[in-house]
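Coordinates in review
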Amino acid sequence: MNLLFELSGENPVLATAEIGCVGTVTRTATGIALAEIPDPEMTTRLAQTHVIMELIGECDGTSAALAELLAQLDITADRPFACRVRKIHPATVDASQLDLERMMGKSIHGKVSLQSPEMEFRALFTDNRCFLGRVLYTIDRGSYAYRNPQRRAFFHPGVMMPLMARTMVNLTHVRPGELLCDPFCGTGGMLLETELMGVRSIGSDYDPEMLAGCRKNLPDGAYVRADATQMPYPDSCFDAVATDLPYGQSTTIGADSLDYLYVESLKEIRRILKKGGKAVVVTHRDIRHLAEDLFEISGYYEQRVHKSLTRRILVLS
């Protein structure tokens, strides 16, 4: 199914890569992506997307072109509907948002309901084009705010926020029922997201305080205290790995140096990962030169957290 994605805007490159976990991205423009998706319901797992739509059509980014497209499509809505327009910078469409929405409402056959619509048609103006879609799903990003780490039973400063943790899990392409490992589980952020996604997971950490805190946050989770350079798992037993590597500031690493920890833990991640599986590792500096002898690097992304921290995200196959 050809779907239209309205991206959240924090990191468009990362958002587009995340969509790849549920389908094949075919095109992008500022603030949007188009993709072929075999199972549209799987898109509800995405974190970097606002709205998922069935693509109905596209045209030049003018009011006249949209009116002509609507006339050609001759859409009939079988339920009460609303129309919404979004202008994504630097869109310069020659009509106001309200005028465009009114024109859409008059062009679609059926009953308009602004208070309680059962369907929504959405026009996105971007890069001199207009993309028209019927909304299938809206991502409840408020649920991520509700899962703020400070609300958990155990909190430690510097942990990854739920939106980013969900994105990291998604980048592994792991599916419900499959098994994921987080060898530096910390307070359990990755594991919390896997639980919500129906993905089985096992976490481990060298720091007993972090592991105890993780157990408080996820009482029914599976955990073990372990050195990530010598993990107690059989070869090729995990479908995916997602982990936020220690940065060395206020963390217990149990190794002589970060470089040693990174190299040896990458070796272990390769050992425990099934053939064809993906590992997503996050750190504060670019470690591609350490990973390239062990893995194929299928993705590299950066996410600025604040002026002294930019997360480097590696997708390894």
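The rules behind these values
- Residues numbered from 1 in each chain as written.
- Predicted model: local features only at pLDDT ≥ 70, side-chain atom pairs only at ≥ 80, totals over all residues.
- Heavy atoms only, no water.
- UniProt positions renumbered as here; feature names shortened; annotations may be inferred.
- Helix = DSSP H or I, 4+ residues; strand = E, 2+ residues; numbered from the N terminus.
- Buried < 20%, exposed > 50% of the residue type's maximum accessible area, 1.4 Å probe, protein only.
- Contact = heavy atoms within 4.5 Å.
- Areas by Shrake-Rupley, 256 points an atom, 1.4 Å probe, with all protein chains shown as cover.
- Lys, Arg positive; Asp, Glu negative; His and termini not counted.
- Charge placed at Lys NZ, Arg CZ, Asp CG, Glu CD.
- Axes fitted to C-alpha atoms, helices over the stretch in contact; angles between N-to-C directions.
- Parallel < 35°, antiparallel > 145°, perpendicular 65-115°, else oblique.
- Left-handed = near helix turned anticlockwise from the far one by under 90°.
- Core = buried A, V, L, I, M, F, W, Y, C linked by side-chain atoms within 4.5 Å.
- Pairing = 2+ DSSP bridges.
- Polar contact = N/O pair within 3.5 Å; in protein donor to acceptor, adjacent residues only side chain to side chain.
- Salt bridge = Lys/Arg side-chain N within 4 Å of Asp/Glu carboxyl O.

The name an unreviewed UniProt entry gives the chain is Methyltransferase domain-containing protein, with Methanocorpusculum petauri as the organism. Per its UniProt entry, the chain bears the Subcellular location (unreviewed entry) comment "Cytoplasm".

The next point concerns the overall build of the chain. Regarding its fold elements, the chain presents 9 helices and 14 strands. Taken over the C-alpha atoms alone, the chain extends approximately 70 × 35 × 35 Å along its principal axes. Evaluated residue by residue, the chain yields a buried proportion of 53% over its 317 residues. Here the contacts in the chain between residues at least 6 apart in sequence split such that 70% fall between residues at least 24 apart. Summing over all exposed atoms, the chain offers an accessible surface of approximately 14500 Å²; the carbon and sulfur share of this is 48%. Side-chain charges in the chain split into 34 positive and 40 negative, and the spacing between the mean points of these groups amounts to 3 Å.

This paragraph deals with the packing of helix α1 (residues 12-19) against helix α5 (residues 162-171). The N-to-C vectors of α1 and α5 enclose an angle of 45 degrees; their axes lie 9 Å apart at closest approach. The angle between α1 and α5 places the two elements in the oblique class. Of the two possible hands of crossing, α1 and α5 adopt the one that is left-handed. Note on element contacts: α5 touches α1 through Met164, Arg166, Thr167, Met168, Asn170 and Leu171, opposite Leu14, Ala17 and Glu18.

Moving on, we get to the nonpolar core. One finds Leu266 and Leu316 to be the most contacted residues of the largest nonpolar core, which totals 25 residues. Taken together, the elements giving at least two residues each to this core come down to β8 (179-182), β11 (238-244), α8 (258-272), β12 (273-283), α9 (288-291) and β14 (309-316). For this core, the element with the most residues is α8, which contributes 6 residues. The contact partners of leucine 266, leaving out residues within four places of it in the chain, are Val281, Ile287, Leu290, Ala291, Leu294, Phe295 and Leu316. Grouped together as the second largest cluster of nonpolar side chains are 22 residues, Met164, Met168, Val169 and Leu171 included.

We now examine the sheet that holds β11. Here 7 strands make up an open sheet; going across it, the order is β10-β9-β8-β11-β12-β14-β13 and the pairing mixed. Taken across any chain shown, the strands that pair with only one partner, and hence form the sheet edges, are β10 (223-225) and β13 (297-306). Each strand axis lies, on average, 15 degrees off the axis of its neighbour in the sheet, ignoring direction. Contacting β9 (200-205) and β10, helix α7 (residues 208-217) runs over the sheet at an angle of about 165 degrees to β10.

Pairing between strand β4 (residues 49-60) and strand β7 (residues 129-138): 9 bridges, direction antiparallel. Within β7, the residue paired with glycine 57 across the bridge is leucine 132. Bridge count between strand β6 (residues 119-126) and β7: 6 bridges; the pairing is antiparallel. Directly across from leucine 124, in β7, lies its bridge partner phenylalanine 131. Connecting β6 to the next strand, β7, in antiparallel fashion are 2 residues, including aspartate 127 with a positive phi near 50 degrees.

Time to look at the environment of threonine 243. Counting through the fold element by element, threonine 243 comes out in strand β11. Taking relative accessible area as the criterion, threonine 243 reaches 0% and is therefore assigned buried. Each C-alpha atom, one on threonine 243 and one on isoleucine 313, is 9.9 Å from the other, the two residues being 70 residues apart in sequence. At a separation of 2.6 Å, a polar atom in the side chain of threonine 243 contacts the side chain of aspartate 182.

Moving on, we get to the pairing of β9. For β8 and β9, the ladder comprises 4 bridges, and the chain directions are parallel. Across the sheet, residue leucine 179 finds its bridge partner in β9, namely arginine 200. Relative to β10, β9 runs parallel, the two being bridged by 3 bridges. The residue of β10 that forms the bridge with glycine 203 is tyrosine 223.

Turning next to the sheet that holds β4. Pairing within the open sheet is mixed, and its 7 strands lie in the order β2-β3-β1-β4-β7-β6-β5. Across the chains shown, the open sheet's two edge strands, defined by having one partner strand only, are β2 (24-29) and β5 (81-87). Strand-to-strand twist across the sheet, computed as the mean angle between neighbouring axes with direction ignored, equals 35 degrees. With 5 bridges connecting them, strand β1 (residues 2-7) and strand β3 (residues 32-36) associate as antiparallel partners.

Per the stated rule, a full pass over the model turns up 18 salt bridges. The closest approach of N and O atoms between glutamate 120 and arginine 122, which form a salt bridge, is 2.9 Å. Here arginine 271 makes a salt bridge to glutamate 268, at a shortest N to O gap of 2.8 Å. You can see arginine 271 and its partner glutamate 268 sitting in helix α8, 3 residues apart, about one turn around the helix. Arginine 271 gets classed as partly exposed once you look at its relative accessible area, which sits at 24%.

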